[in-house]
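# Residue-level structural notes
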Amino acid sequence: MPRILDEKDREDMRLRIVRAAAAEFARIGFEQTKIEDIAERAGIGKGTVYLYFDSKHSLFTSMLQEIAHDQLGELKEALADKHQLPKVLEALFACFLHFTQEQPESMAIFISALFGVNRQFKEEAATQRLPFLKLIEQILKDSDPLYEAEAGLKVEAAALLILNTCQSLPLLAQALGFNSEYILEQQAQLVKMLTAHLNQK
């Protein structure tokens, strides 16, 4: 008789499927990936996938939501006690470097959805990334209510520059063959340069 799964078992299985899907979607894209491939990577039967997701499309969308939720949670935790721009930038660089190292498929999925082979999900990926932008905007406003007037750069534009730089730098550096140690060694100077640029009067 099959074992009855409790709520935790079901959630663990759902996450197992999502992670397997992320690896497959990042490897060959949405169109080429088959549910059978995901099931095989997860070590389960094809039918089990359909117990949790009614289609490949809903699986991809759920995967984007799951990745964004987890990453945003880590960012909020890392930024919770940061009130000065240099410290905010250091924490953001560290988080996205961690994501690039520890969750390469997750990072690749978002890039591919926004700009690449999976761009039929561009709208969903953008929607899931907006809270990251709003989080940085709020931190800028809270840390210095006069930021926009003093710096002459709108808070939204500053937040967009920060998010783009901190998110894309580790990805590009890795693609060009620079290791994480190199990025960490240069982080202080990068933070100093970006802070100076954002604070230009």
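Read on for a plain summary of the structure. (Residues numbered from 1 in each chain as written. Predicted model: local features only at pLDDT ≥ 70, side-chain atom pairs only at ≥ 80, totals over all residues. Heavy atoms only, no water.)

## With respect to helix α1 (residues 7-28)
Every α-helix carries 3.6 residues per turn, so stepping three or four residues along brings you back to the same face. Helix length check: α1 (22 residues) gives 32 Å between terminal C-alpha atoms against 32 Å at 1.5 Å per residue, within 8%. All of the buried residues in α1 are Met13, Leu15, Ile17, Val18, Ala20, Ala21, Ala22, Ala23, Glu24 and Phe25. The secondary structure elements touched by the buried residues of α1 are α2 (35-42), α3 (46-52), α4 (56-79) and α6 (104-115). One or two positions beyond α1, positive phi appears at Gly29, with a value near 90°. (Helix = DSSP H or I, 4+ residues; strand = E, 2+ residues; numbered from the N terminus. Expected span 1.5 Å × (residues − 1). Buried < 20%, exposed > 50% of the residue type's maximum accessible area, 1.4 Å probe, protein only. Contact = heavy atoms within 4.5 Å.)

## A closer look at the side chain of Thr33
Within the secondary structure layout, Thr33 lies in the loop between α1 and α2. What makes Thr33 buried here is its relative accessible area of 1%. A polar contact of 2.7 Å, which involves the side chain of Thr33, links it to the backbone oxygen of Gly29. Non-local contacts of Thr33, meaning those with residues more than four positions away in its chain, are made with Glu24, Phe25, Ile28, Ile38 and Lys56. (Polar contact = N/O pair within 3.5 Å; in protein donor to acceptor, adjacent residues only side chain to side chain.)

## Description of the pattern of salt bridges
Per the stated rule, a full pass over the model turns up 9 salt bridges. When the shortest N-O distance is used, the salt bridge between Arg27 and Glu24 registers 2.9 Å. Note that Arg27 and Glu24 are positioned in helix α1 at a spacing of 3 residues, about one turn of the helix. With a relative accessible area of 53%, Arg27 lands in the exposed category. Taking the relative accessible area as the measure of exposure, Glu24 reaches 4% and is therefore buried. Through salt bridges with shared partners, a single network forms among Glu11, Arg14 and Glu66. (Salt bridge = Lys/Arg side-chain N within 4 Å of Asp/Glu carboxyl O.)

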